[in-house]
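Residue-level listing of the chains:
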Amino acid sequence: MNTGVQRRRPRGTGRLEQRGSRWRIRYRLPTDRELTKTLDTREEAEEFLRALRSQAHEAELKGAFDAPTELTFGAWGEKWMERRAQRVASPIKDRSPWRNYIANSALYLMPLRAIRPPHVVEWLDALEAGRGVKGRRLSRQSLLHIVNLVRMCLGDARRAGHIDLNPAQDIRPRRRDPKREVVYLTVDEIRAVRDCEAIPLRARCCYLFAIFTGMREGELWALRWEDITLDGTRPEVIVRRSNNRETTKGGRTRTIPLLPEARSALNTLRSLGDFTTKPHDLVFPAPRGGQRSMSNDHGWGSRARRVGHRVLAGIDRRVRFHDLRSTCASHLIMGTWTPRPLEIVPAQRVLGHSDIKTTMGYAHLAPGYLHDVMNGALGQDR
């Protein structure tokens, strides 16, 4: 007789359910909490379920699930994320990785004191193999961000006395691929973008300003006319904020002197008159006003039903919108636009790199840079 009451699965058990072409895991921990996760193949789902059962069984044997005061990684982590949101410039960038790759894992449900380095390695191996959300393989940069969140969270748990050692302290993602080479536009390609009449003039002004200032996408979209000085002897732009935060990525305000090409782009924008240029207005607003999203590249790249402006300018190699920033860095270091190549420290200040090693990555582009540095150092010793 069907009473209409659905029986709950016993604690410590789980099952697989097919959801279209994918497979969902439903697992009830000994704590009576249920975990659900959807994976692309049955094999991946079965492997994940076996790992859940193994970790939960190990913790249960140690009596961890029987102790009502035992603090889980998830319980600690949620409070930690709340505190972190109050002290970081852009907490929104932490929420999605935490929700998709940490809160939806077996690691999240384990007691803090039960977590050992092999558990963290097993979790990371699954992410590196593409057994995360939608089976997507993550870039190494994304993996580093996710692992850093876990490491910092467990590090604060150790400092708070909840655990004796940080099990994620020495764990890093594997370096799968060689580092991407610096991609930048040549002088001829910059000229092609500037002169391509198939590209709307407002978009061309945006690209040229990005190229000749090296500002990040989020910084461009958050830029307001009050941040710009065009007149006088020191034309400059003050970079105060980024797209989804009240500060820049590095948390510091910086000032960028405006090259003639950047000034010309802004003067052209002001003369168009299709958007207002009052002090608090955005310099590069979305077509309907308001601030552009981080996924918006002002039409630079191609989409399913749209040929990108890069292609219209005749640039057939893969150059992302972000590579316009690399274009600025490259030409500053090479001295293309200035009387002599910019030294590393001033270039770092223009670009807003928090680590000078990032700026140093462009040094190989400057002809004779290492020779000049070594000769200068030798000259000081004589």
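How each quantity is defined
- Residues numbered from 1 in each chain as written.
- Predicted model: local features only at pLDDT ≥ 70, side-chain atom pairs only at ≥ 80, totals over all residues.
- Heavy atoms only, no water.
- 1 Å grid on protein atoms, 1.4 Å probe; cavity = no way out; pocket = protein on both sides within 12 Å on 5 of 7 lines; lining within 4 Å.
- Points joined across faces, edges and corners; volume = space filled by probe spheres on them.
- Helix = DSSP H or I, 4+ residues; strand = E, 2+ residues; numbered from the N terminus.
- Nonpolar A, V, L, I, M, F, W, Y, C, P; charged D, E, K, R; others polar.
- Salt bridge = Lys/Arg side-chain N within 4 Å of Asp/Glu carboxyl O.
- Buried < 20%, exposed > 50% of the residue type's maximum accessible area, 1.4 Å probe, protein only.
- Disulfide = S-S within 2.5 Å.
- Contact = heavy atoms within 4.5 Å.
- Phe/Tyr/Trp six-rings, centres within 6.5 Å; stacked < 30°, edge-to-face > 60°.
- Arc of directions from axis to C-beta.
- pLDDT = per-residue confidence, 0-100.
- Patch = residues over 30% accessible without salt bridge, like charges linked within 9 Å, V, L, I, M, F, W, Y side chains within 5 Å.
- Areas by Shrake-Rupley, 256 points an atom, 1.4 Å probe, with all protein chains shown as cover.

Before we go on, may I ask you to explain empty space enclosed by the protein in this structure?
Regions of empty space are outlined by a rolling probe, equal in size to a water molecule, passed over the atoms. The final tally for this structure, using the stated rule, is four cavities of 30 Å³ or more. For the second largest cavity, the calculated volume is near 40 Å³. In terms of lining residues, the second largest cavity is bounded by A210, M215, R216, E217, L220, F321, H322, L324 and R325. Residue assignment for the lining of the second largest cavity shows that the elements contributing at least two residues are α9 (217-222) and α12 (323-334). Of the residues assigned to the lining of the second largest cavity, the class counts are five nonpolar, one polar and three charged.

Would you mind going over the pattern of salt bridges with me for this structure?
As enumerated under the stated definition, the model contains 15 salt bridges in all. Between D274 and R202 there is a salt bridge, and its shortest N-O distance comes to 2.8 Å. Pair noted here: D274 is in the loop between α10 (260-272) and α11 (309-312) and R202 is in helix α8 (residues 201-213), with a separation of 72 residues, a long-range link. Taking relative accessible area as the criterion, R202 reaches 12% and is therefore assigned buried. D227 serves as the salt-bridge partner of R241, at 3.0 Å between the closest nitrogen and oxygen. Taken together, the residues span a long stretch of sequence, with R241 in the loop between β5 (236-239) and β6 (254-257) and D227 in the loop between α9 and β4 (228-229) at a distance of 14 residues. Using a relative accessible area of 17% as the deciding quantity, one classes R241 as buried. One salt-bridge network, held together by shared partners, links D125, E128 and R174.

What am I meant to see in the state of the cysteines here?
Here is the idea: a disulfide is a covalent bond, and it sits between the sulfur atoms of two cysteines. With the rule as written, the count across this model stands at zero disulfides. Free of any disulfide, C206 has its nearest cysteine sulfur in C205, 8.8 Å distant.

What should I look at first to understand the environment of T229 in this one?
Summarising the element assignment, T229 is placed in strand β4. Since its relative accessible area comes to 34%, T229 is described here as partly exposed. Taking C-alpha positions, T229 is 9.4 Å from P257, a pair spaced 28 residues apart along the chain. With near-sequence residues (within four places) excluded, T229 lies in contact with R234, P235, E236 and L258.

What is the right way to look at the packing of aromatic side chains in this model?
The relation between two aromatic rings is expressed through the spacing of the ring centres and the mutual angle of the planes. Under the definition given, this model contains nine aromatic pairs. Here W80 and W98 contribute two aromatic rings whose centre-to-centre distance is 6.2 Å and whose plane-to-plane angle is 35°, an arrangement assigned as tilted. Taken together, the positions of W80 in helix α2 (residues 73-85) and W98 in helix α3 (residues 92-102) put the pair 18 residues apart, joining distant regions of the chain. Of the two residues examined, W80 and W98, each falls in the buried class. Considering the side-chain rings of W221 and F284, the 6.4 Å spacing of their centres and the 75° angle between planes classify their relative orientation as edge-to-face. Residue W221 is located in helix α9, and its partner F284 is located in the loop between α10 and α11; the two are separated by 63 residues in the primary sequence.

Would you mind going over helix α7 (residues 187-195) with me for this structure?
An α-helix turns once every 3.6 residues. As a result, residues three or four positions apart point the same way. Of the positions making up α7, those classed as buried are E189, I190 and V193. One face of α7 carries all of its buried residues, which in axial projection span an arc of 105°. Looking at the buried residues of α7, the elements they touch are α8 and α12.

Is there a simple way to think about the confidence of the model for the protein chain in this case?
Detail in the predicted coordinates should be disregarded across regions flagged by low pLDDT. Across the protein chain, the average pLDDT comes to 83, with 83% of residues at or above 70. Within the protein chain, no element has a lower average pLDDT than helix α15 (residues 369-381), which sits at 53, and none a higher one than α8, at 97. Between residues 377-382, whose pLDDT stays under 50, and residues either more than four places distant or in other chains, the model counts zero contacts.

How should I be thinking about a nonpolar patch on the surface in this particular structure?
Residues V307, V311 and L312 make up a contiguous nonpolar surface patch of roughly 230 Å² in combined accessible area. Note that V311 resides in helix α11.

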